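Coordinates in review
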Amino acid sequence: MDEQALLGLNPNADARYRHRAMAYFEQLKESQDGWEVCAEALVKGIYNDDHVKFFCFQVLEHQIRFRHAGLSAAQQQLIRETLMQWLQIQLVNAEPEKPFIRNKAAQVFALTFVMEYLALWPKFFFDILTLVGLNPRGVDVYLRTLMAIDGEVVDRDILHLPDEICRNSLIKDQMRERCIPTLVESWFQILQTYQQSHPEITCQCLEVVGAFVSWIDLNLIANDRFVNLLLSQMSVMELREEACDCLFEIINKGMDPADKIKLVESLCRVLQAAGFFNVEQEEDVDFLAKFSRLVNGMGQSLVLSWSKLSKSGNVKDAAEALRALESKVPLLLRLLVHEDDDISANIVGFCYEYLHVLKQLPQLADQQKANLEAVLLAVMKKLTYDDEYNFENEGEDEAMFVEYRKQLKMLLDRLAQVSPELLLEAVRRVFNNTMQGWQTASFMEVEVAVRLLYMLGEALPASHGAHFSGDAAKTSVLQDMMRTLVSCGVSSFQHSSVSLEFFETVSRYDKFFLVEPQHIPIVLMAFLDQRGLRHGSPKVRSRVAYLFSRFIKTLHKHMHAFIEDVLTRIQDLLELNPPENGFPVLLTSDDQLFMFEAAGVLIVHGESPMERKTAMMTSLLQPLMDAFNVLLNKLSLERDEEKQNAIGDCLSHAVGFASRTSKAFSNKQTVKLSGCSEVYRGCLQTFLPALSVPLQRGSLRSAVRSFLHRMIICMEEEVLPFIPAASQHMLKGCEAKDLQEFIPLISQITAKFKAQVSPFLQQVFMPLVLSIFEVLGRPAEENDQAAALEKQMLRRSYFTFIQTVAGSGMNEVMANQGAENIERVVFTIIQGAVDFPDPIAQKSCFIILSKLVELWARNPHRVYPLLEDQDHNLDQDQDHTLAQNQDHTLAQNQDHTLAQNQDHTLAQSQQKHGGQTGREELQDEPDFRGTLVTALSSEAGLNPSLWIDLHVRELLVRRDSSSGAVEEKPSDAECQTRHSLSLKEV
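Residues numbered from 1 in each chain as written. Predicted model: local features only at pLDDT ≥ 70, side-chain atom pairs only at ≥ 80, totals over all residues. Heavy atoms only, no water.

In the annotation of an unreviewed UniProt entry, the entry for the protein reads Exportin-T, and the organism field reads Champsocephalus gunnari. Quoted straight from UniProt, the Sequence similarities (unreviewed entry) entry for the protein says "Belongs to the exportin family." The Function (unreviewed entry) field of the UniProt record for the protein holds the comment "tRNA nucleus export receptor which facilitates tRNA translocation across the nuclear pore complex." (UniProt positions renumbered as here; feature names shortened; annotations may be inferred.)

Have a look at this one:
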């Protein structure tokens, strides 16, 4: 072997040696006999370096996985002998190999087993067991090999190909017939022999049993001899966690419901007798987490058995299953309330399923009602934060508790389904008791009390949040609690978690204030002062900004008396934060968006006269326009790139804030009634010049485009004078992303205004299309997935734009682009329908083609002259023109339908291309292509329709040729039909 290359296997080797080692590895993998050198090195112990040994096993692994079928019988025998000799060496070596070497060796053993067990090495396990006996080092490799076999053959988390799945099923069938009883016996002997002397080997064996028990005969494991051995190991400190996992896998094994009940009950009796149910006395939380998982498995198995027996009508056994289930509830509750959240979380599944059983019972017994209340109290207790939770810098532990809370919420929702009255009364009791003394209570108690009120909103659902109408009992309790919440002063509690929960709750139950609007001023003040928007925590301020906007939008009809006061109080929060001002800001720009939206809603939906609304909206937006002008001039002069970015962001925020205020309007009428049209026209005049600034084009264009989208909705035709100039700027020097964002704007204008914008569309149509072609034609790296995706999305946007134009009925937009341009565009659409493997784009293309046929059928005079002009020009240039082909085709088929024409042309194509026709291609995707065929057939005899049809057939024939058929030299007439510029050729 190349000794210099092997030096690079050391992790501390320099890059040159590592590169040489990798090259040598590739060389050995590709050579025919390189693996034999590695096999010899392993058997003869030539190298002591662990990394070289690992390297040799890697080469062997590659040979077996990818080249085994090509090996001769002698070479396959050599691999078997190499493995067995290496294993024999392990039995006598002074020191065992490192674990990573043994794991890699086990992988190679497992791969060899998978390749050879069925036909070449049926005595695989017999040979290994005969060799290793009860030698601990040999047993270690044997158990690692079994786990590697589980990964190759059994593990459902590993994806396999269909032929591999079939092979693995055959392997398992053969193992069940040949060797599984022998393997089980070997496991029993290992567990019995090594539980004291080699606990690590015993744990390995328990893991193997747990992995294999899912697909072998359970009677081999679930018998007195084996189960008693496992239970005895539950008392051994080093083994009990693995023993728990093994018992869990046994319990989860599918079996007859009655037999499963017997197995679970017998196991529970032994565990209870051994004192395992006394979880309060156990201090090892890691073991308790495993034990909780085991109990969860037993409980869920009993629930499943009860469900099956109930459905089958076996009343007696179903009652027995329910009794067994009820007897486990005390243990469930002790584990659920355990102070360690992992232990509690592991039992939630059983608890949830038990509540589901109670929901299905016709009537609950007293004990079952008591169990319900106990579960409810346990959930309330476990929802409480602990002292160590870091609210300002949440890490992994905090994230795990948030997930655990979600699990508890599921239990609460299930409780509400079983007994909503019990849940409502329990929450009312806890909430009222806590609110009476919130000043002296801990933040954990106050937060969970308010949290429970909040969670009732989902646990007791109401249509559209109407919690305060309908059921009088429920409504009365909720109103009482909300009245207490807003009036008791708990919003002043000095902890961020309580503050957040208060505002979340008043926002969830905002319809309470429609019933009792007298409480609105109290809550408004809480939002506006240091309890909310001016809270010391940035996290609280950010969330409250969003909740404030929601609150205002719901209750805007009740805000008239407070509008001026609210706007005055939030005035400083509505200021554009200039870059590098050096002062800390209360709200981020994202948070300010909600504030501007809320301000817009207050102004627009208030009862002030129009003049006052105009003045207030001007007062809100004029500072943004003034600041925008100053910053835009500053941007043009700035040379520092970092400062340019900061100014560009600030300019984008200004446009975004103005755009957000318009969300208060639903249409042009509401803008006029508010007297705000002139203000927004001023915004347009202020913002549009930014499109011509060469700096920060991406962010500025995106912001102005979004503003234009909003203005089209709010101002309708009043925005049209601004569109041509804006479009002209946005089409200059654009990238794929710019075009993707610009096309929806043009599509929105087209769909909304239709004929009103026809002259504009006729002007912008080809510049836009040519810009798209230019961007699509730019070269890109072959493996640049991002660029490929951008082009695919742009192509889709292009087809969507054409579909919008065609769907709006504006035939003249395309018809007035000139014959060459029309053919060029239509050809790209046909190509998109046939050539590009993008179903979304294909669907759009066939819809477009269908629509074009329909339009041209109604107004043939709008497109005929163009085609006739084209025919005349081609006549002058060449002997065989496209027009002559069309005239010839029409003359031949004037008494036939277009469908017959298709058959004739396709038959010719079939002869020409050895049976490869476009019709089979059309049948491949009937949903899309059927649309075109139907459309064309319905317009038989029309020049435009036939023109499209000829192009479709041409592309199909061309694609058939590229897929394998030999393409003959095209005729002159065919050359004429191929002269159009396609998207792919661009």
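Once you've had a look at it, read on.
Examining the overall build of the protein
The helix and strand tally for the protein stands at 49 helices and zero strands. Across the 986 residues of the protein, 52% fall into the buried class. Partitioning the intrachain contacts of the protein with sequence separation of at least 6 by distance along the chain shows that 74% fall at a separation of at least 24. (Helix = DSSP H or I, 4+ residues; strand = E, 2+ residues; numbered from the N terminus. Buried < 20%, exposed > 50% of the residue type's maximum accessible area, 1.4 Å probe, protein only. Contact = heavy atoms within 4.5 Å.)

Some thoughts on the environment of Thr 145
Mapped onto the elements of the fold, Thr 145 is located in helix α8 (residues 136-154). Residue classification places Thr 145 among the buried residues on the basis of a relative accessible area of 3%. Aside from chain neighbours lying at most four places away, what touches Thr 145 is Ala 106, Phe 109, Ala 110 and Phe 124.

What to know about the packing of aromatic side chains
Under the counting rule described, the total for this entry stands at 39 aromatic pairs. When the centroid spacing of 6.2 Å and the interplanar angle of 65° are considered together, the rings of Tyr 117 and Phe 125 count as edge-to-face. Using a relative accessible area of 1% as the deciding quantity, one classes Tyr 117 as buried. Between Phe 665 and Tyr 680 the ring centres are 5.7 Å apart and the planes differ by 85°, which places this aromatic pair in the edge-to-face class. Separated by 15 residues along the polypeptide, Phe 665 in the loop between α32 (641-661) and α33 (668-674) and Tyr 680 in helix α34 (residues 677-687) bring together distant segments of the chain. By relative accessible area, which is 4% here, Phe 665 ends up buried. Taken together through their ring pairs, the aromatic side chains of Phe 468, Phe 502, Phe 503, Tyr 509, Phe 512, Phe 513, Phe 527, Phe 548 and Phe 551 make up a single cluster. Residue placement shows Arg 240 over the ring face of Phe 287; its charged tip is 4.0 Å from the ring centre. (Phe/Tyr/Trp six-rings, centres within 6.5 Å; stacked < 30°, edge-to-face > 60°. Lys NZ or Arg CZ within 6 Å of the ring centre and 35° of its normal.)

Examining helix α25 (residues 496-508)
What sets the pattern is the α-helix's 3.6 residues per turn: residues three or four places apart point alike. The terminal C-alpha atoms of α25 lie 18 Å apart, and with 13 residues this matches the ideal 18 Å at 1.5 Å per residue to within 8%. In terms of residue burial, α25 counts as a mostly covered element, since 13 of its 13 residues are buried. (Expected span 1.5 Å × (residues − 1).)

Description of the layout of surface pockets
There is about 570 Å³ of room inside the second largest pocket. Contributing to the lining of the second largest pocket are 23 residues, with Tyr 385, Val 402, Arg 405, Arg 451 and Glu 501 lying nearest its centre. Where the lining of the second largest pocket is concerned, the elements lending two or more residues are α21 (396-418), α23 (443-459), α25 and α28 (538-555). With six residues, α25 is the largest single contributor of residues to the lining of the second largest pocket. Its residues assigned to classes, the lining of the second largest pocket shows eight nonpolar, two polar and 13 charged. (1 Å grid on protein atoms, 1.4 Å probe; cavity = no way out; pocket = protein on both sides within 12 Å on 5 of 7 lines; lining within 4 Å. Points joined across faces, edges and corners; volume = space filled by probe spheres on them. Nonpolar A, V, L, I, M, F, W, Y, C, P; charged D, E, K, R; others polar.)

With respect to the confidence of the model for the protein
For the protein, the average pLDDT comes to 84, and 84% of its residues sit at 70 or higher. Scored below 50 in pLDDT, residues 863-947 shows 120 contacts in the model against residues more than four places distant or in partner chains. Confidence drops under a pLDDT of 50 for residues 963-986, and excluding neighbours within four residues, the segment shows 52 contacts in the predicted structure. (pLDDT = per-residue confidence, 0-100.)

Here's the deal with the side chain of Lys 382
On the secondary structure map, Lys 382 appears in helix α20 (residues 366-382). Among the polar contacts listed, one links the side chain of Lys 382 to the backbone oxygen of His 338, at a separation of 2.6 Å. Every residue in contact with Lys 382, bar those within four places of it in the chain, is listed here: Leu 336, Val 337, His 338, Glu 339, Asp 340, Asp 341, Ser 344, Phe 401, Tyr 404 and Leu 408. (Polar contact = N/O pair within 3.5 Å; in protein donor to acceptor, adjacent residues only side chain to side chain.)

Some thoughts on the environment of Asn 821
Structurally, the position occupied by Asn 821 is in helix α41 (residues 819-834). When the C-alpha atoms of Asn 821 and Leu 770 are compared, they prove to be 10.0 Å apart, with 51 residues separating the residues in sequence. Engagement of the side chain of Asn 821 in a polar contact is seen with the backbone oxygen of Gln 817, the distance being 2.8 Å.

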